[in-house]
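Geometric and topological summary
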Amino acid sequence: MTAFALQEDLAHELKELLSEIRIKEKEDCKPVNLFVQDIPFTRDKKEMDSLFPYLIVRLEEGSISNDKNTCQIVLIFGVHNEDRNRQGYKDLLNLMQKVMYHYTTEKVIAERYRIGDEIEWVVQDGDNIFPHFIGAVSFEVELPVIRIFNKNI
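A brief report on the enclosed structure follows. Quick caveat: nothing in here was measured; it's all calculated off a predicted structure.

**Considering the nonpolar core**
For soluble globular proteins, nonpolar side chains are generally found buried alongside one another. Ranked by size, the top nonpolar core spans 30 residues in total, and within it L10, L75, F77, I109 and F139 carry the most contacts. For this core, the secondary structure elements donating two or more residues are α1 (3-17), β4 (54-64), β5 (69-80), α3 (88-106), β7 (113-123) and β8 (132-142). It is α3 that contributes the most residues to this core, six residues altogether. Ranked by size, the runner-up nonpolar core spans ten residues in total, among them Y54, I56, I129 and A136.

Dropping the structure here:
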């Protein structure tokens, strides 16, 4: 199992987990867009706003040793809400909490990868990014250990 396979499996699992979630935006309720590693390049604000709400499944870093193979996953959530009372953070936190609760109780991704004991989260200060609300969840995942056997050693 590779980090790339982990990312693909996690994206697939999260797409299913969030498939019934709808985030209210103006008069519409929109499904969560899921992106792998980053959002698509956009040329203008209107095109950028159309990507919300979203979840990005990002590989941040990893390490391999003789007895351990780990990868740091960062899930980046984005919600667009133009309410002047700045209540979009509620949708953001609810979305993040659904994912955190799932992986706190399950501890396994795609029946192959074990999630570490600690899940961290953060919400970006809204003063500079309103009407967007951005947050992230991160955790370490253990992948199967890669073993190379060399007859000449």
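**Regarding the packing of aromatic side chains**
Enumeration according to the criterion identifies four aromatic pairs in this entry. Members of the aromatic cluster, connected to one another through ring pairs, are F35, F52 and Y54.

**As for the sheet that holds β7**
Taken in spatial order, the six strands of this open sheet run β3-β4-β5-β8-β7-β6, and their pairing is mixed. Two strands lie at the open edges of the sheet, namely β3 (33-36) and β6 (108-109), each paired on one side alone. The sheet contact formed by β7 and β8 spans seven bridges and is antiparallel. Bridging from a neighbouring strand, E120 pairs with S138 of β8. The sheet strands contacting α1 are β3, β4, β5, β6, β7 and β8, and the helix crosses β4 at an angle near 150 degrees. Contacting β5, β6, β7 and β8, α3 runs over the sheet at an angle of about 160 degrees to β7.

**Overview of unusual backbone geometry**
Of the consecutive residues F52 and P53, the connecting peptide bond is found in the cis state with omega at -15 degrees. As for its position among the elements, P53 is in the loop between α2 (45-49) and β4. The peptide bond linking F130 to P131 adopts the cis configuration, its omega dihedral lying at 15 degrees. Mapped onto the secondary structure, P131 falls in the loop between β7 and β8. Positive phi, normally seen in glycine, also occurs at Q37, with a value near 75 degrees. Mapping Q37 onto the fold places it in the loop between β3 and α2. Located in the positive-phi region is A110, a residue other than glycine, with phi close to 50 degrees. Mapping A110 onto the fold places it in the loop between β6 and β7. What makes A110 partly exposed here is its relative accessible area of 22%.

Conventions used here
Sequence positions are assigned chain by chain, starting from 1 and proceeding in written order. It should be noted that, the model being predicted, local features are given only for residues of pLDDT at least 70 and side-chain atom pairs only at 80 or more, the latter also being counted only at that level, while totals for whole chains, interfaces and linings use all residues. Working from all heavy atoms in the structure, the side-chain values ignore hydrogens and water. Nonpolar cores are built from buried Ala, Val, Leu, Ile, Met, Phe, Trp, Tyr and Cys residues. Side-chain atoms within 4.5 Å join them into one set. Exposure categories follow from relative accessible area, calculated using a 1.4 Å probe and restricted to protein chains: below 20% of the type maximum is buried, above 50% is exposed, and the middle band is partly exposed. Here a strand is any run of E in DSSP of at least two residues, a helix any run of H or I of at least four, and the numbering for each starts at the N terminus. Paired rings are identified among Phe, Tyr and Trp, the last through its six-membered ring, by centres lying within 6.5 Å, and are further divided according to the angle between planes into stacked (under 30 degrees), edge-to-face (over 60) and tilted (the rest). When DSSP locates at least two bridges between a pair of strands, those strands are taken to pair. Contacts are residue-level and defined by heavy atoms, with any inter-residue pair within 4.5 Å sufficient. Only the contacting stretch of a helix is used when fitting its axis, a line to C-alpha atoms as for every element, and angles between N-to-C directions run 0 to 180 degrees.

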